[in-house]
Amino acid sequence: LQGNSHESTPRARTTVRTQRIMSGSSDKARRPAARAAPGKDYDWDGMYVAIIRRVHEHGVPASQADWVSEVQDWFVIRSEGTAVPDERTIRRRLTPIWRALREPA
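Summary of the structure given here. (Residues numbered from 1 in each chain as written. Predicted model: local features only at pLDDT ≥ 70, side-chain atom pairs only at ≥ 80, totals over all residues. Heavy atoms only, no water.)

Right, let's get into helix H2 (residues 44–58). The α-helix winds at 3.6 residues per turn, so residues separated by three or four positions along the chain end up facing the same way. With 15 residues, H2 ought to run about 21 Å at 1.5 Å a step, and its terminal C-alpha atoms sit 20 Å apart, in line with that. Every buried residue belonging to H2 is among Trp 44, Gly 46, Met 47, Ala 50, Ile 51 and Arg 54, and all of these are buried. Relative to the axis of H2, the buried residues are bounded by an arc of 150° and lie together on one face. Relative to its buried face, H2 has exposed residues pointing more than 90 degrees away, namely Asp 45, Val 49, Ile 52 and His 56. Gly 59 sits one or two positions beyond H2 and adopts a positive phi of about 85°. (Helix = DSSP H or I, 4+ residues; strand = E, 2+ residues; numbered from the N terminus. Expected span 1.5 Å × (residues − 1). Buried < 20%, exposed > 50% of the residue type's maximum accessible area, 1.4 Å probe, protein only. Arc of directions from axis to C-beta.)

Pasting the structure below:
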């Protein structure tokens, strides 16, 4: 009862939506308490495929912060929480793409 109260928060709803959009999974993603060790390899190629698919199927996210959060959730799901880059690292990878997609055509 009290344990289920978090499911109605905006963050919980966003996490569930992110999973459906980027992975098709219906299980809730949870961010790990600890980040992956520095120098750890991440599935960047898989991330690029996921974000291309996301933009193709659902358009560009409303904000870059939303997109960073979606990508971080994608890493949590794909690696079962063992290989998740920090938000800054993800933002550095997404920023050039975000800017290019937000420019007028």
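Next, the rest of the story.
Our focus in this paragraph is the pattern of salt bridges. This structure, assessed with the given rule, holds three salt bridges. Across the pair Arg 53 and Glu 57 runs a salt bridge, and its minimum N-O distance is 3.2 Å. You can see Arg 53 and its partner Glu 57 sitting in helix H2, four residues apart, about one turn around the helix. Taking the relative accessible area as the measure of exposure, Arg 53 reaches 49% and is therefore partly exposed. For Glu 57, a relative accessible area of 42% gives the class partly exposed. The partner of Arg 54 in a salt bridge is Glu 70, with the nearest N and O atoms 2.8 Å apart. With Arg 54 in helix H2 and Glu 70 in helix H3 (residues 64–79), this residue pair connects regions lying 16 residues apart in the sequence. (Salt bridge = Lys/Arg side-chain N within 4 Å of Asp/Glu carboxyl O.)

To continue, consider the nonpolar core. Where a protein is soluble and globular, its nonpolar side chains tend to be buried together. In terms of nonpolar packing, the biggest core is built from 16 residues, with Met 47, Val 71, Phe 75, Ile 90 and Leu 94 touching the most fellow members. Secondary-structure elements contributing two or more residues to this core are H2, H3 and helix H4 (87–102). Counting residues per element, this core draws most heavily on H3, which supplies six residues. (Core = buried A, V, L, I, M, F, W, Y, C linked by side-chain atoms within 4.5 Å.)

Time to look at the packing of aromatic side chains. On inspection of all chains with the given rule, the structure shows five aromatic pairs. Relative to Trp 44, the ring of Tyr 42 lies with its centre 5.6 Å away and its plane at 75°, an arrangement referred to as edge-to-face. Across this residue pair, the class does not change: Tyr 42 and Trp 44 are buried. With centroids separated by 5.4 Å and ring planes inclined at 75°, the aromatic side chains of Trp 44 and Phe 75 adopt a geometry described as edge-to-face. Taken together, the residues Trp 44 in helix H2 and Phe 75 in helix H3 connect sequence positions 31 residues apart. By way of ring pairs, the aromatic residues Tyr 42, Trp 44, Trp 74 and Phe 75 are connected into one cluster. A cation over an aromatic ring shows up here: Arg 93 above the ring of Trp 44, its NZ or CZ 3.9 Å from the ring centre. (Phe/Tyr/Trp six-rings, centres within 6.5 Å; stacked < 30°, edge-to-face > 60°. Lys NZ or Arg CZ within 6 Å of the ring centre and 35° of its normal.)

Worth remembering: the numbers are spatial, not functional.
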